[in-house]
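Examination of the molecular architecture
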Amino acid sequence: MFAIGWAMPASDVCRESVETFNKLADRYAAKYFALTQYDRYYAMLADRMPTGGSVIDIACGPGNVAAHLKRVRPDLSLVGIDMAPRMIDEARRRVPDVAFHVADCREITGVGCGFHGAAFAFGLSYLPDADARRFFAALRRVLADDAFLLLTSVTGPEGAARYEQSSSGDRVFMFYRSPDAIVELVESHGFSVEFCEQMPSPSNASFATTDLAILAKRVPASAASTSDDEAG
């Protein structure tokens, strides 16, 4: 769908990327919603949820994660958020009976709190470092102590950033991080990584990358503060 091109980022390339995903929501959903490559990671999150627990699917797109969780754990209360309204329309159509909302992952307000689990599937690559820090701070506020986070991300050369542009001129801007840098980012924001695995991108991806799946547990605030104090 996209070709690669190098350029300096605009002031809010996250919103520019959202506008592109909003425009192409139906094409994106048709291409990726039926993908099963990551189901075993979704299952790892599902297996750790308590009976009747709650999960927030962040940057949910057309609802891939929510669809899997609803199928294997119908007892769970599910909420999905995405900044692209047409992606939310796709998710509502494809995964009925799940509460989907248009919301900014860098804020995550007004959609509930005390979630036992969260999924953040391939949203990190569209966030510069400052926005990634905002995201993790917001995420911790809506999660229960000992909640689990499933994060999947594209990886690449540390510090690389580039536009990907379609033949029609639509573009997204991606920020690449190494697997070690992603793990460090997660752990530095109060999560303990319990599982980490790299895998090739799907065969139908626009270009080949190495992807990363992380399952991490939220460190309670008191323990995180103690750890920070000891590190200081």
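Note that the coordinates shown come from a computational prediction; the quantities given were computed from them, not determined experimentally. (Residues numbered from 1 in each chain as written. Predicted model: local features only at pLDDT ≥ 70, side-chain atom pairs only at ≥ 80, totals over all residues. Heavy atoms only, no water.)

Our focus in this paragraph is the UniProt feature "domain: Methyltransferase" (unreviewed entry) in the protein chain. Mapped onto this numbering, the UniProt entry gives "domain: Methyltransferase" (unreviewed entry) at residues 55–145. When the span residues 55–145 is considered, its composition is 36% helix and 26% strand, and the gap between its end C-alpha atoms is 13 Å. (UniProt positions renumbered as here; feature names shortened; annotations may be inferred. Helix = DSSP H or I, 4+ residues; strand = E, 2+ residues; numbered from the N terminus.)

Take empty space enclosed by the protein next. All chains considered together, the criterion is met by 1 cavity of 30 Å³ or more. Here the largest cavity defines a volume of roughly 910 Å³. Lining the largest cavity are 44 residues, with F21, Y28, A121, F122 and Y126 sitting closest to its centre. Tallying contributions element by element places helix α1 (residues 13–23) first for the lining of the largest cavity, with 4 residues. Residue classes in the lining of the largest cavity are distributed as 32 nonpolar, 7 polar and 5 charged. (1 Å grid on protein atoms, 1.4 Å probe; cavity = no way out; pocket = protein on both sides within 12 Å on 5 of 7 lines; lining within 4 Å. Points joined across faces, edges and corners; volume = space filled by probe spheres on them. Nonpolar A, V, L, I, M, F, W, Y, C, P; charged D, E, K, R; others polar.)

Moving on to the pattern of salt bridges. Enumeration according to the criterion identifies 16 salt bridges in this entry. D26 is paired through a salt bridge with R86; the nearest N and O atoms lie 3.9 Å apart. Residue D26 is located in helix α2 (residues 25–32), and its partner R86 is located in helix α5 (residues 85–94); the two are separated by 60 residues in the primary sequence. Judged by relative accessible area, D26 falls into the partly exposed class, the value being 37%. On the basis of relative accessibility, which here comes to 34%, the residue R86 falls in the partly exposed class. (Salt bridge = Lys/Arg side-chain N within 4 Å of Asp/Glu carboxyl O. Buried < 20%, exposed > 50% of the residue type's maximum accessible area, 1.4 Å probe, protein only.)

With that settled, the discussion passes to the sheet that holds strand β3 (residues 77–82). Picture the strands of a sheet paired through backbone hydrogen bonds; they go either parallel or antiparallel. Pairing in this open sheet of 7 strands is mixed, and the strands run β4-β3-β2-β5-β6-β10-β9 from one edge to the other. With partners counted over all chains shown, the strands left at the sheet margins are β4 (99–102) and β9 (191–200), one partner each. For this sheet, the mean inter-axis angle between neighbouring strands, taken without regard to orientation, is 15 degrees. Across the sheet, helix α7 (residues 179–188) is in contact with β6 (143–155), β9 and β10 (210–218); its angle to β9 comes to roughly 155 degrees. (Pairing = 2+ DSSP bridges. Axes fitted to C-alpha atoms, helices over the stretch in contact; angles between N-to-C directions. Contact = heavy atoms within 4.5 Å.)

The subject of this paragraph is the nonpolar core. One finds L45, I58, I108, F120, F135, F136 and L139 to be the most contacted residues of the largest nonpolar core, which totals 72 residues. Ranked by residues supplied to this core, first place goes to β6 with 7 residues. When residues no more than four places from it in sequence are discounted, the contact partners of F135 are I58, C105, R106, I108, F120 and L127. (Core = buried A, V, L, I, M, F, W, Y, C linked by side-chain atoms within 4.5 Å.)

On to the confidence of the model for the protein chain, then. Confidence along the protein chain averages 89 in pLDDT terms, with 90% of residues attaining 70 or more. Segment residues 226–232 is flagged for pLDDT under 50; beyond a separation of four residues in sequence, or across chains, it makes 0 contacts in the model. (pLDDT = per-residue confidence, 0-100.)

Turning to the pairing of strand β5 (residues 115–121), a few remarks are in order. In terms of burial, β5 is largely enclosed, as 5 of its 7 residues are buried. Two elements, strand β2 (residues 54–58) and β5, share 4 bridges in a ladder whose sense is parallel. Within β5, the residue paired with D57 across the bridge is A119. Pairing of β5 with β6, which is carried by 6 bridges, proceeds in the parallel orientation.

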